[in-house]
Every structure is written in structure tokens, then in C-alpha cells.
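# Observations on chain architecture
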Amino acid sequence: MYSMKKYLLLFLCLTLGVAYAQDTLRVRVMTYNLRFGELASLEELAHHIKSFKPDFVALQEVDSKTDRKRTPHQKGKDFISELAYHTGMFGLYGKTIDYSTGYYGIGMLSKYPYISVQKIMLPHPVKEHERRAMLEGLFEMGNDTIVFTSTHLDVNSQETRAEQIEFITGHFKNYKYPVILGGDFNARHYSEAIRGMDSWFAASNDDFGMPAWKPVIKIDYLFAYPQKGWRVISTQTVQSLLSDHLPIITELEYVKEASKKKY
């Protein structure tokens, strides 16, 4: 009788353990402003990114086929295609403006195939300022589905950044899938814009990340939504001189809400 109870208890533990594993999603994400490749080759940037084995990477200041005078070594290169090739990941690109015979914008790299992708232009109240966008992808991650997004907010106006964050939060408010957002917010951690992210889960630390050679401010962030259910396993602001921004790498765990479990 004792042996039977013991085996029954072991069976229940194993069963619950499997159920827990199936209801937990673990993901490794990165955000990185590339400074349009001014300080490094695309091969160097790709090798650096690949060394951290991310599932998803949010990229900002990404050129495509430009003739930028400050970066003659990058002339005509399609950054996303080359980074995708050298990392072995899928690459997605969102143009925000035309620039110097080509394009300038944001992008992402993914270890997993996408179901859909869309570029969404952000509020642009001051027409003289550069347009900004977010690039949103819906991805198949094994048996799970996740939304990963890259953005780069307005550099000139605190009011515009706050409006853009309000727009982003409203956009994702009723999403059925977990969301991770990475980007250059051009906003200090104590600013009105970042306070506007209080309904999100903060998925990066408070380390300064810019300029890379002597960091004195933090403007790059990772956030997750909904706020509940997420846990940071590890996060690191990486010391690197391949851009003027330091990349951030975070490993996260998402436990799905108990109310959504089906028995």
C-alpha cells in the first residue's frame, strides 16, 4: 500500500512538472542601436550579436542601400539582409525615412519564423521632426506564439515621446499573445515617457548604456506585456565599442495565467 502511494505521488509530481513546463515560455532577447554601422563592420556586429545566442533582436539606426558620407565602408549595403546572413537568423526591416539614395529605419532578427509582420508609424505631431515607427512581428516559437517589436522614439521632444508611448501601450492593450518591446526610447529612466510604461514589465536593468565609451545615460530599454507573469532570469548591459550604444541582453520567463489553463 505504501509503495502504491509512493508511485502515485511520483506520478502526480511528474505530471504537474510537465504541465508547468508547457505553461512556461522562456525567451532570450536583445536590443541594439547600431549607429548605422559607423564604428564597425556588419560582420563584426553580426558576430557580436550571435555570440549571445538571442531568440530575438530589436535593432535601431539601420541603413539599407545608402550612400552615407560618414560610413563609406557600408556603401550600398542592406544591413538586415547581411546581418541575417551572418547570424543565421531571419531578418525583418521597416523603413522610417528615405536617406541618401537608400533607406534608414529599424529592424529585427529572429531565430523563429514569423506568422505576420507590420510596420506602424508613430504619432508625428511636429512635422519638421523625423518620422518614427515600430516594427511588430508575430512569431511561432515552438508551440507558442509571441509578439516581438522594435522601435526608436523621437529624439527632439519629450511631449512627442510621451504621445508615442501612449500610442504603443494602447495598441498592445488587448493583445492575446505575450509582447516584448525593445528599442531606443531617447528618454531617461526618470522621464515622463518612461513613466508612461508603468503598465509594462521592465525587462532590463538600470545600467547606463550611452555613450558606449563612457556611459552616463540610459535610453535603451526592454519591456514586456502584460505586466504580470514575467520574470527576469538574467539581464546584462554588454560592454562593447561597436556602436555608441551598448546592447542589452535579457533572458525572460513568462508563466501563463492560471485562469487560462485547461484541464
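Structure's up top.
Please read these numbers as outputs of a predicted model, since none were measured by experiment.

## Observations regarding the environment of Asp-244
- Looking at the secondary structure, you find Asp-244 in the loop between β11 (230-237) and β12 (248-255).
- Residues Asp-244 and Leu-34, spaced 210 residues apart in sequence, show a C-alpha to C-alpha distance of 7.7 Å.
- Among all residues touching Asp-244, those that are not within four sequence positions of it are Asn-33, Arg-35, Leu-39, Gly-209, Met-210, Pro-211, Ala-212 and Trp-213.

## Details of the side chain of Ser-204
- For Ser-204, the location among the structural elements is in the loop between β9 (201-202) and β10 (220-225).
- Side-chain polar atoms of Ser-204 contact the backbone nitrogen of Leu-222, separated by 3.2 Å.
- Contact partners of Ser-204, with chain neighbours within four places excluded, come to Lys-218, Tyr-221, Leu-222, Thr-235, Ile-248 and Thr-250.

## Re the nonpolar core
- In this structure, Val-27, Phe-56 and Ile-180 are the most contacted members of the largest nonpolar core, which totals 24 residues.
- Elements with a contribution of two residues or more to this core: β1 (24-33), β2 (56-64), β4 (102-110), β6 (133-141), β7 (144-152), β10 and β12.
- If one sorts the elements of this core by residue count, β6 sits on top with four residues.
- When near neighbours in sequence (up to four residues on either side) are disregarded, Ile-180 contacts Val-27, Val-29, Ile-146, Val-147, Phe-148, Thr-149, Phe-223, Ala-224, Trp-230 and Leu-252.

## Some remarks on the packing of aromatic side chains
- Tallied over the full model, the rule gives eleven aromatic pairs.
- When the ring of Phe-185 is compared with that of Phe-223, the centres are 5.6 Å apart and the planes differ by 65°; the resulting orientation is edge-to-face. With Phe-185 in the loop between β8 (179-184) and α5 (192-195) and Phe-223 in strand β10, the pair connects residues that are 38 residues apart, well separated along the chain.
- Here Phe-185 falls in the buried class, since its relative accessible area comes to 0%.
- Residue class for Phe-223 comes out buried when judged on its relative accessible area of 5%.
- An aromatic cluster of at least three residues, connected via ring pairs, comprises Phe-56, Tyr-112, Phe-139 and Phe-148.
- The ring of Phe-36 has Arg-68 lying over it, and the distance from NZ or CZ to the ring centre is 3.9 Å.
- Stacked on the ring of Tyr-221, the Lys or Arg Lys-218 has its end atom at 4.7 Å from the ring centre.

## Let's talk about the pairing of β4
- Among the nine residues of β4, eight are classified as buried, and the element is accordingly described as predominantly covered.
- Bridge analysis of β2 against β4 gives seven bridges, and the strand direction is antiparallel. In the sheet register, Val-62 faces β4, and the bridge partner there is Gly-105.
- As paired elements, strand β3 (residues 90-99) and β4 share nine bridges and run antiparallel to each other. Bridge pairing in β4 places Leu-92 opposite Met-108.
- In this structure, the hairpin formed by β3 and β4 is closed by a connection of two residues, where Ser-100 is found at a positive phi of approximately 45°.

## A few points about the sheet that holds β7
- Strand order in the open sheet formed by six strands is β5-β6-β7-β8-β10-β9, with mixed pairing between adjacent strands. The open sheet has two edge strands with one neighbour each: β5 (114-121) and β9.
- Bridge count between β5 and β6: seven bridges; the pairing is antiparallel. When the sheet's bridge partners are listed, Val-117 is paired in β6 with Gly-137.
- The strands touched by helix α4 (residues 158-172) within the sheet are β5, β6, β7, β8 and β10, with β6 carrying the most contacts at an inclination of about 30°.

## Let's talk about helix α2 (residues 42-50)
- Leu-42, Leu-45, Ala-46, His-48 and Ile-49 are the residues of α2 that are buried. For α2, the arc enclosing every buried residue in end-on projection is 160°, short of the 170-degree limit, so these residues lie on one face.
- The elements touched by buried residues of α2 are β1, β2, α3 (79-87) and β4.

## A look at the pattern of salt bridges
- Scanning all chains against the criterion turns up 13 salt bridges.
- Between Arg-132 and Glu-130 there is a salt bridge, with the nearest N and O atoms lying 3.6 Å from each other.
- The class for Arg-132 is buried, based on a relative accessible area of 6%.
- Of the charged contacts in the structure, one is a salt bridge between Lys-256 and Asp-144, with a shortest N-O distance of 2.6 Å. Residue Lys-256 is located in the segment after β12, and its partner Asp-144 is located in strand β7; the two are separated by 112 residues in the primary sequence.
- Owing to a relative accessible area of 26%, Lys-256 belongs among the partly exposed residues under this scheme.

Definitions and cut-offs
- Residues numbered from 1 in each chain as written.
- Predicted model: local features only at pLDDT ≥ 70, side-chain atom pairs only at ≥ 80, totals over all residues.
- Heavy atoms only, no water.
- Helix = DSSP H or I, 4+ residues; strand = E, 2+ residues; numbered from the N terminus.
- Contact = heavy atoms within 4.5 Å.
- Polar contact = N/O pair within 3.5 Å; in protein donor to acceptor, adjacent residues only side chain to side chain.
- Core = buried A, V, L, I, M, F, W, Y, C linked by side-chain atoms within 4.5 Å.
- Buried < 20%, exposed > 50% of the residue type's maximum accessible area, 1.4 Å probe, protein only.
- Phe/Tyr/Trp six-rings, centres within 6.5 Å; stacked < 30°, edge-to-face > 60°.
- Lys NZ or Arg CZ within 6 Å of the ring centre and 35° of its normal.
- Pairing = 2+ DSSP bridges.
- Axes fitted to C-alpha atoms, helices over the stretch in contact; angles between N-to-C directions.
- Arc of directions from axis to C-beta.
- Salt bridge = Lys/Arg side-chain N within 4 Å of Asp/Glu carboxyl O.

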